[in-house]
Amino acid sequence: MTAAEIRTHIDPMRPEFADQRSLILPALRFAQREKGYLTLDDLEAVAEATDLTPAYVEGVATFYDRLYLRPVGRWVLSVCVTLPCMLRGCDELIDHLCDRLGVPPGGTTEDGLFTLQEAQCLGACDRAPAIQVNAEDMLGPTTPEEADRLLERLREAPAPDAYVR
Amino acid sequence: MPELTLTLRHRRAGAPLRELGDYERAGGYAALKRALANLEADEVLYQLHRSGLRGRGGAGFPMGRKASFLPKDAPLRKYLVCNADESEPGTFKDREIMEMDPFELLEGMALAGYAIGAQRGYIYIRGEYNHHAEVLASAIVQARRGGYLGEEIARSRYSFDITLYRGAGAYICGEETALLESLEGKRGQPRLKPPFPAVAGLYASPTLINNVETLASVPTIIERGADWYAALGTEKSPGTKVFSVSGHVLRPGNYEVVLGETTLRELVFEMAGGLRPGRRFKACWPGGSSVPVLAEQHLDTPLDYESLNAAGTFLGSGGCIVMDDSGCIVRASLRLAHFYRHESCGKCTPCREGTGWLERILQRMVDGEGRMEDLALLEALFGRIGGKCLCALADGAVAPIQSALRLFRDEFVRVVEEGSPRPEPMVEAAVAAGA
Amino acid sequence: MTRRAPRSDYARIDPAAPDAVSFELNGRVVTAPAGTMLVDAAWAHGIEIPIFCYEARIGAPIGACRMCLVAVDGLRGLTTACSTPVAAEMVVRTDTPEVRAAQDGVLELLLANHPLDCPVCDKGGECPLQDRTFRFGPGRSRFIEPKRHFPKPLELSPVIALDRERCIACFRCVRFSQDVAQDRNLAWQERGPRSQIATETGEPYEGRFTGNVIDLCPVGALTSIPYRFIARPWDVFNAPSVCHLCPVGCNTDLSMREGKLMRVTGRPEPNPAVEEGWLCDRGRFAHGGEAADAPARLKRAILREGSPARASDLEAAVVAAAWRLDTAKAPAVLVGPDATVEEAFLAQELAAGPLGGAPLARLGIPGAALAPLRGLAGAQLGELDAADLVAVVGGDPANQQPVVELRVRKARRRGAAVVVAGPRPTALDAVAEVLRTAPGRLAEAMAALGRLLEAAAAPIVLWDEADLAAEPDAAAALARLVAAHPGARQLELAADVNGAGLRALGIPAEGVLEAALEARVDALLCVHADPLTAPGAARWARALDRVATVVAIATHESPITRRAAVALPALSRYEDEGVLVSMAGRAQRLRPGARPADGAAAGWEILAALGHRLGAPVAHRSSREAFEAAASSRLAFTGLSYASLGVSGQVIGPTPAPPPSGAGAPAEPAGEGLALVAMTEMFGDASAWRAGALAAWRTGAAVSLNPAEAGRLGLVGAARVEVASPEGRCVLPLRIDAALPEGGAFVALGAPGSGAEALLPPDRHAVRVTLTAAA
Ligand SMILES: Cc1cc2nc3c(=O)[nH]c(=O)nc-3n(C[C@H](O)[C@H](O)[C@H](O)COP(=O)(O)O)c2cc1C
Ligand code: SF4
Ligand code: FES
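Let me sum up the structure you'll find in this document.

## A word on the overall build of chain C
Alright, step 1. Helix and strand content of chain C: 23 helices and 34 strands.
Alright, step 2. In terms of C-alpha radius of gyration, chain C reaches 27 Å, essentially the compact-globule figure of 28 Å for 775 residues.
Alright, step 3. C-alpha atoms of chain C, sized along the principal axes, occupy 85 × 55 × 55 Å.
Alright, step 4. Within chain C, the proportion of its 775 residues that are buried is 62%.
Alright, step 5. In chain C, once contacts between residues fewer than 6 apart in sequence are set aside, the share between residues at least 24 apart is 72%.
Alright, step 6. Carbon and sulfur atoms provide 55% of the accessible area of chain C, an area that totals close to 27,700 Å².
Alright, step 7. Averaged over its 79 positive side-chain charges, chain C has a centre that lies 3 Å from the centre of its 86 negative ones.

This is how it looks when you write it as structure tokens:
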């Protein structure tokens, strides 16, 4: 994404922040929508749009789990692995998904469709074990059968217009 | 009836209140209109003070008192920040409020903003709550259109607007000063205190930070009166609180109860549907995962700040994680240690290095490679991490594990000797039971 | 020369300050100014509270490492002493069992993942972590897990290596980059135990002050690549000295082993009035070019009795030189801008005595119009900390007097307003209100500057010697503004390293060139002076055509040593003693940090020997004696001695000023075309070009133009242009730079061999240049 595109997104927000550095997260999140992850060029574009150095931007971006600095799949499956979900079978769910997708946690399938990742508590413990696809609302409780149906549905689904993660 | 639905207003209405009209019909914005028409800012502040409302984000600090710490005549702008980072394991109450009662939060923020003299509020919402952010964003637009946000709101002379700011996945950003750093465009690492946010918070200006549930409780207080609210619950724990129940219960979910009038047993066994048949209660982290764990002998503890303190734990965020006798306490502790290691911001030495060390010791134990001296080592580490750091994350990492070792020492010993087998998963059983 | 003392990280405080309060420290009632941090107060009273992240110079404490926990009555748990200000009646204990346990605990955790490679680590022996572990730490480690491991040290930049395993996350280096130097090219990345310092992926750490992070690192994570594995602290001796590469006069610490200078670092005891412990990367890394065996050093005396030239031993060369000067009818002496006070003083004695009153001048800017400014209340750099307005008028301190940039940024952080006036875009623009003036029109900025000064209570004006010498009207106006403000002070951004010292000795900048041009000089003694590479080089070249004999005393080979009948090799500034006077008037001592190069002698010694050969009585047997003689005969140095200068120097007395002249009238630039704006790049001069360590950052000569200007001149696409002024001409690479204003030709000076100096007149009077595309 270019600095100019990022500016069109963040410029309207400028008056809402006394210090323009606050725009860095909105800019990073926006830049990530294009490919679903951030390249070094994206980070440089964010740096340019926010008047910060690329090193600084990279330092901020790497702090957050949901900003990806390496390519990820079209669908990022975040399986919560924190205690409440563990008590309700997330370990089995992860094992099942690894099996089905043929990748370890953190891996991306060869066709680039899926990235499977372990997430920390998603705030969906009432739906444990919970799973989130990109940043859509959390799903659950997810049995292995439901997980299979989810994969089917996603395989068929068209790519989203913008990757919100 | 110990269950009393005040903050989870949509439950009273029987439907989500995501449209401004629905919210108004359910009595919404009456409090704001009345306050702006009839009350001085000081009087609203006084009502908050008098209600005794305590912060629902975890620390339980009285909201009115915190608000009164903001300097009265500072030349600087003042800010109100809503902490919607809700990342404490086992906690999902703010999610329901934002999803179902977004206007209640916005109204509460306008009232709190008025009380402290802030012109702008920020809602810092965790990055993973995308759907909820969209609901809030739509509510903000509707509220602006309805004259409840923006210039001279509710036909008064008071102007107040709200910016929705989205995090990107970091538990530590729920810690109030880390949240401010993140909102300022920096890495979300906690700040040294003092100065406290009330004096130098966002952009070094006086700032009031409160949790979603805290702020969403405000309209009810202003509407029904501080005295009415304070009369609910106990003297030190007035009002209602939403508990999120999760883990090995049949009906996980949010339950709003009058503080002090419900016991842990009632919450777990009556409201949340109890355990699977044949299972016994074993442990419960009653206030999110960062609090000391309770065991069976604590089941009759009333749910309020003082009683839980007396039982050796905290009410915390009200995220009540329940484990039955199929669960292994060492494995559970390991899972929590993993969480805190993953989420440590890395600023303080004891937290950065210590959480990882805890995790590795527990991992060895679970893998059957524990040593008896590891128990003493764990205890030594608790002392080297707990109370030694800048923010409470590290204390939160120590508390559940330290208490587990104290309450379930025999099980730790057994795991050292035999390792810990993986338990049978609950999800299918729960689904079968119609959870 | 001493063994290196452990770097002291505590801020100096005055326990007896008027605002001191008393409090209890380990049962003793002690005093410290209210508000000083407990760690510093305790240190002043002989109690060490161990620290890692705290560094008063970087900014407000961050309380991250948790090493400094102490017990304060009335506060729950333990408190970080680095961030707790002293208050009256406070009761503090640093020695309770809980405190000991906390210190021990933090160290055990820090060491859990720290490699045990001290024997091969460059920091071993001078490592705060090693040191503090010894005094406060665990006797044993209970960590049995595999340690964090990174494959190999990274090259963070051509001069800095990063060993990630050793990093203890004190954040000092990152805060230096973000808050002090503000290059912001070093950042903290990732989160929690995975986190580490890093640059932008794939990019080196770039900046002008990067080497300071090596000094700041409390472990061996950041080390100097030129210094890596070269020496162990225990076979190194250290000497406090002063940097001779620009007129700021940063205090340095020289480390030497077996007679070789191994590295230059900031002082363990910083000089708060000058550099505050920081160095620029030139001052830190350029010393390799002055090593005894460096290619550019003048290693043997050269005699050119007719041709061909031949190497000679120094004795014989001095005899030959003396004979040349003795037989000259009209000798003269030229002293270079970085000659020491001692050398210049001996040159004066030589000229006045044995050479029979020969004319003597310094190679520098006459600056008659600057006298009124120089006469106004002066400030030390350290006083910028208390200024509420810092005005930079002309020049480009970030490149020319680099550490000034850090001090101005610090003033800004502390709340001062900063204004930068001048034609050049500078690094300080980012933190300043910029009053951009047309080339040669500094006077345009005076009205706005006057308004800003008026609004300030304690402003300090930094003014550029060369720019204001060229613009007498601006100099006069600025002097009036500063004089009219009761709280204002001024500080000269000098062009010459020891210009202030030479002026204080009473050495004029005029006389010799004029005489030589009129063929009234037949022998010229150049003392660390190379007029052929200085501004005015073209005129000097014409003058030297009329001088029969040149005798040069020099450290390096240069056009003048190649032109000299006798070239005498002098010791470098790292091998010799002497005094340099900084632009703020501080006399500071150079001290040897390397064994004298074979075949060379100290400059003062060569001068004394020449005097002796020429029949003068031997008056001074050491540079110390030479300095004392100068002090007893030159008013500005009255009362000073090596002893009184100590390690951090003394401000000299007022320099007798010649009556001001030429003030007021705008100086019309000579010639036609675009106004020439002289530029200096930090890594663009001979010292940077000689240093292998700086090879990656060197910049060459060039003329830069605004694109519109280049278009008007039909130079778009030209790679090289011929630049001509009324003084001289040269061919330079052309750069186009949209950041530059129109109306000027921005010529980078200093690069060896570029000839750009020939464009300028020796007095720095403004000139215009014409540009034509060169083949
Ligand atoms: C590690 C850590 C995480 C926290 N996370 C949250 C959170 O997600 N939401 C929240 O409201 N408070 C959280 N807190 C508590 C806040 O720091 C703060 O006390 C709270 O936002 C104040 O609001 P309240 O007074 O309304 O509770 C957290 C604290 C710590 C130490
Ligand atoms: S306790 Fe942990 S999370 Fe909190 S500031 Fe320190 S390192 Fe960061
Ligand atoms: S020196 Fe105080 S916390 Fe690091």
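## Considering the site of ligand 2
Alright, step 1. Of all residues adjacent to ligand 2, which total 13 residues, the nearest are Cys345, Lys347, Cys348, Cys351 and Cys391 of chain B.
Alright, step 2. Here the residues of the shell around ligand 2 are counted per class, giving ten nonpolar, two polar and one charged.

## What to know about the pattern of salt bridges
All names here are of chain C.
Alright, step 1. On inspection of all chains with the given rule, the structure shows 81 salt bridges over all chains.
Alright, step 2. For the salt bridge of arginine 712 with glutamate 709, the shortest nitrogen-to-oxygen distance reads 3.4 Å. Taken as a pair, arginine 712 and glutamate 709 lie in helix α23 (residues 707-712) at a separation of three residues, close to a single helical turn.
Alright, step 3. Assessed through its relative accessible area of 6%, glutamate 709 is described here as buried.
Alright, step 4. Among the charged side chains, a salt-bridge network with shared partners connects Asp9, Glu48, Asp131, Arg132, Arg135 and Arg172.

## Quick notes on the interface of chain C and chain A
Alright, step 1. At the junction of the two partners, chain C supplies 13 residues and chain A supplies twelve residues.
Alright, step 2. In total, about 1,100 Å² of surface goes out of reach between chain C and chain A, with carbon and sulfur atoms giving 47% of it.
Alright, step 3. It is Glu190, Arg191 and Glu200 of chain C that lose the most area in chain C upon contact with chain A, and together they represent 50% of the buried surface on that side.
Alright, step 4. Our count for the contact surface shared by chain C and chain A stands at one salt bridge.
Alright, step 5. Measuring nitrogen to oxygen at the nearest pair gives 3.1 Å for the salt bridge that ties arginine 191 of chain C to aspartate 65 of chain A.
Alright, step 6. Put simply, chain C and chain A have six residue pairs in polar contact (both at pLDDT 80 or more) between them.
Alright, step 7. The element that contributes the greatest number of residues to the side of chain C that touches chain A is strand β8 (residues 187-189) of chain C, accounting for three residues.
Alright, step 8. For the side of chain C that touches chain A, the residue count by class is three nonpolar, five polar and five charged.

What counts, and at which threshold
Residues numbered from 1 in each chain as written. Chains lettered and ligands numbered in written order. Predicted model: local features only at pLDDT ≥ 70, side-chain atom pairs only at ≥ 80, totals over all residues. Heavy atoms only, no water. Helix = DSSP H or I, 4+ residues; strand = E, 2+ residues; numbered from the N terminus. Rg over C-alpha atoms; globule rule 2.2 N^0.38 Å. Buried < 20%, exposed > 50% of the residue type's maximum accessible area, 1.4 Å probe, protein only. Contact = heavy atoms within 4.5 Å. Areas by Shrake-Rupley, 256 points an atom, 1.4 Å probe, with all protein chains shown as cover. Lys, Arg positive; Asp, Glu negative; His and termini not counted. Charge placed at Lys NZ, Arg CZ, Asp CG, Glu CD. Near = heavy atom within 4 Å. Nonpolar A, V, L, I, M, F, W, Y, C, P; charged D, E, K, R; others polar. Salt bridge = Lys/Arg side-chain N within 4 Å of Asp/Glu carboxyl O. Buried area = accessible area lost by both parts, 1.4 Å probe. Polar contact = N/O pair within 3.5 Å; in protein donor to acceptor, adjacent residues only side chain to side chain.

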